[in-house]
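Secondary and tertiary structure notes
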Amino acid sequence: MTQEMTPYVPKPMSRRELRKCYSRFSISVILLVVLTQVLGGVLYYAAARFFPQYYWDAFWGPVLALAVNDVSVYLPGLVIFPLVLRKMPKGNSIPVDRLSLWEFIQAAVFSFGVGYGCSLVSSLVIYGLEHLTNHVTTNVVDSFSASLPIWLTAVAFVLVAPVMEELIFRRILLRRLLGLGDVSAIVLSALAFALFHANLYQTAYAFVLGLVFGAVVLLTGSIRDTILLHMLINGFSVVMQLNLPDEALMIASVFIFLSIGIAIAMFLAVRRGYHMEPGPLPFSPREKARACRRSVWFWVMLVLGLGYSAVTIFL
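Residues numbered from 1 in each chain as written. Predicted model: local features only at pLDDT ≥ 70, side-chain atom pairs only at ≥ 80, totals over all residues. Heavy atoms only, no water.

1. Some remarks on the overall build of the protein
- In terms of regular secondary structure, the protein is built from 12 helices and zero strands.
- Starting at the N terminus and walking to the C terminus, you meet the elements of the protein as α-α-α-α-α-α-α-α-α-α-α-α.
- Here the C-alpha radius of gyration of the protein, 20 Å, is about what a compact globule of 315 residues would show, namely 20 Å.
- Every one of the 315 residues in the protein was classed for burial, and the buried ones make up 45%.
- Across the protein, contacts joining residues at least 24 apart in sequence account for 84% of those joining residues at least 6 apart.
- Counting only carbon and sulfur atoms, one obtains 69% of the accessible surface of the protein, whose full area is about 16500 Å².
- Averaging the locations of the 23 positively and 16 negatively charged side chains of the protein gives two centres separated by 18 Å. (Helix = DSSP H or I, 4+ residues; strand = E, 2+ residues; numbered from the N terminus. Rg over C-alpha atoms; globule rule 2.2 N^0.38 Å. Buried < 20%, exposed > 50% of the residue type's maximum accessible area, 1.4 Å probe, protein only. Contact = heavy atoms within 4.5 Å. Areas by Shrake-Rupley, 256 points an atom, 1.4 Å probe, with all protein chains shown as cover. Lys, Arg positive; Asp, Glu negative; His and termini not counted. Charge placed at Lys NZ, Arg CZ, Asp CG, Glu CD.)

2. Topic: a nonpolar patch on the surface
- Together, Phe50, Phe51, Tyr54, Phe59, Trp60, Ile150, Trp151, Val239 and Leu242 give the surface a local cluster of nonpolar side chains, amounting to about 910 Å² of exposed area.
- The topology assignment puts Ile150 in helix α6 (residues 150-177).
- For Ile150, a relative accessible area of 42% corresponds to the partly exposed category. (Patch = residues over 30% accessible without salt bridge, like charges linked within 9 Å, V, L, I, M, F, W, Y side chains within 5 Å. Salt bridge = Lys/Arg side-chain N within 4 Å of Asp/Glu carboxyl O.)

3. Digging into the packing of aromatic side chains
- As enumerated under the stated definition, the model contains 15 aromatic pairs in all.
- Of the aromatic side chains, those joined through ring pairs into one cluster are Tyr74, Phe81, Phe169, Phe193 and Phe196.
- Against the face of Phe50 rests Arg49, its NZ or CZ located 5.4 Å from the ring centre.
- Directly above the aromatic system of Phe193 lies the positively charged group of Arg170, at a separation of 4.3 Å from the ring centroid. (Phe/Tyr/Trp six-rings, centres within 6.5 Å; stacked < 30°, edge-to-face > 60°. Lys NZ or Arg CZ within 6 Å of the ring centre and 35° of its normal.)

4. Re the pattern of salt bridges
- One pass over the full model with this rule turns up three salt bridges.
- Of the charged contacts in the structure, one is a salt bridge between Glu287 and Arg15, with a shortest N-O distance of 2.6 Å. A residue pair is termed long-range when its members are at least 10 positions apart, and Glu287 in helix α11 (residues 285-293) and Arg15 in helix α1 (residues 15-50) qualify at 272 residues.
- The exposure class of Arg15 is exposed, given its relative accessible area of 54%.
- One salt bridge in this structure joins Arg170 and Glu166, with 2.7 Å as the shortest N-O distance. Note that Arg170 and Glu166 are positioned in helix α6 at a spacing of four residues, about one turn of the helix. The pair Arg170 / Glu166 is uniform in exposure class, with both members buried.

Encoded structure:
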């Protein structure tokens, strides 16, 4: 984005070393997904084995399940990205400039529109897959949230998830990718955010929201606005799980479709109004894209991540 940047002169880097940067990122995402699943399995087993009185309790059982889920989901990201990406080229500093109220409202409507638009497209694709395979799919996130009391669902998805996910993907990961330029930082952090969900129902939804939230962070230099946006979107999803009257569901549906239309109009109006900083490395966008495509680990990450996301909905 067009901003005043702190000058930074990077060390000389070859095309081979540039390709290694994309490989390092891809390996970090693979480790994130794998360790999340492994740690979750280990912790769930330990909880059932050593704390059965809480694990099967009507009140403490869901609380323990949420605690295990959050530790297994968020701890790996807090550790893996700083460790694996510590040798990534540094990016320029971003001055803090919060969104105004009107800008925040625009960002919120746009986020709702693109998020739910992609969610509808994903649902249509999965509906087609169900008919092709003759298998019924399961949205694992919805299943997990449905197993929790509504107050605990609100804590998990409206408070904990927005803070932790913005910290991991827009504070830690995005900033460590800025040395590759704004485009790479936004797209790669959004891709990691999508694969992290490991759920085809949310892959496209998380990817486009990751793009929007990444752009907001580069505009503002802070994750405070994206945390609030994230809370609004997740909060709306939690409210939609309640037994709402038909009138409220109708209003919510109208809002969703209106936001999709407004988001499309906003994108067409301002898509060329932003300038992405190329970053401090002496490589063109084409050279960076070529280096990414030539990374074997990048394709391994995509195949494994998308494959696992597709498999989980049929389990």
